[in-house]
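Summary of structural features
Listed below, chain by chain, are the residues.
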Amino acid sequence: DYIDLHVHTFLSDGSHSPSAKVFEAWLQGMKMIGLTDHNSFEQFEETVRAGEILGIKTIPGIELNIVFPEFHLTDINADILIYFPINSKEWEELRCNPKLIAIMEKLKLRQKWNLMKQLEIIKRFNEKYAARGLEITAEDVKYRMGGHPNFGMIGGILYQKYGEDRLRSNLKGV
């Protein structure tokens, strides 16, 4: 018997839906799973419902990305995990809470920033490697880069698109 309380879905920097992650945990015999996407409550309803259907305890949560501008440390950030051990009825009540709604609105700004970051990563990659025959298009990233993009996702997209041999030959000497 084991649990995992720090799992991401494709709504963040994971690769599967909330239901798929809960199902995967159920298949592995887990008793509990915590889905904690970055800066998003989007997975809550699906997470809780999938757990209720499969009979596995789910704890939806959020991984907040925090920066410290008051200390002039905008380049340093931290992640804080917050859990909401609730059922679907409790989630229905909680998501109508004005304070939570205000937090969700602020998180949309962070998600917008992450989207801009994603576009910048793609732009820089294409500027640097288009001459080597490698390019990332909007279609390549559709449904593959969640709300918290990172360079590992770029690597996965490139590997799926070009394969190992072509990547090795095109990036030789880089």
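Before reading further, recall that the structure is shown in the block above.
This report concerns the structure included in the present document. Note that the structure is predicted; figures quoted are calculated from it, not measured.

Regarding the overall build of the protein
What the protein contains, in helices and strands, is six helices and four strands. In sequence order, the secondary structure elements of the protein are arranged as β-α-β-α-β-β-α-α-α-α. For the protein, the proportion of its 174 residues judged to be buried stands at 36%. By sequence separation, contacts in the protein at least 24 residues apart represent 63% of the contacts at least 6 residues apart. Just so you have it, the protein exposes about 10,700 Å², and 58% of that area is on carbon and sulfur atoms.

Points about the pattern of salt bridges
Throughout the structure, instances matching the rule amount to nine salt bridges. Linking Arg 95 and Glu 45 is a salt bridge whose minimum nitrogen-to-oxygen distance equals 3.0 Å. Here Arg 95 is found in the loop between helix H3 (88–94) and helix H4 (98–129), whereas its partner Glu 45 is found in helix H2 (residues 44–54), with 50 residues between them in sequence. Under the relative-accessibility criterion, Arg 95 is labelled partly exposed at 33%. Here the salt bridges share partners, and the residues they tie into one network are Glu 45, Glu 92 and Arg 95.

So, the packing of aromatic side chains
For the coordinates displayed, the defined rule picks out seven aromatic pairs. One aromatic cluster is present, built from ring pairs that chain together Phe 41, Phe 44, Phe 84 and Trp 91.

Structural notes on the nonpolar core
Core analysis: the largest hydrophobic core is formed by twelve residues, namely Ile 121, Ile 122, Phe 125, Tyr 129, Leu 134, Ile 136, Val 141, Ile 154, Ile 157, Leu 158, Tyr 162 and Leu 167. For this core, the secondary-structure elements that each account for two or more residues are H4 and helix H6 (151–170). Among the elements that make up this core, the one with the highest residue count is H6 (five residues). Residues in contact with Val 141, not counting those within four places in the same chain, are Gln 118, Ile 122, Ile 136 and Ile 157. Counting residues in hydrophobic clusters, the runner-up holds nine residues, among them Leu 64, Ile 86, Leu 100 and Leu 107.

What counts and how
- Residues numbered from 1 in each chain as written.
- Predicted model: local features only at pLDDT ≥ 70, side-chain atom pairs only at ≥ 80, totals over all residues.
- Heavy atoms only, no water.
- Helix = DSSP H or I, 4+ residues; strand = E, 2+ residues; numbered from the N terminus.
- Buried < 20%, exposed > 50% of the residue type's maximum accessible area, 1.4 Å probe, protein only.
- Contact = heavy atoms within 4.5 Å.
- Areas by Shrake-Rupley, 256 points an atom, 1.4 Å probe, with all protein chains shown as cover.
- Salt bridge = Lys/Arg side-chain N within 4 Å of Asp/Glu carboxyl O.
- Phe/Tyr/Trp six-rings, centres within 6.5 Å; stacked < 30°, edge-to-face > 60°.
- Core = buried A, V, L, I, M, F, W, Y, C linked by side-chain atoms within 4.5 Å.

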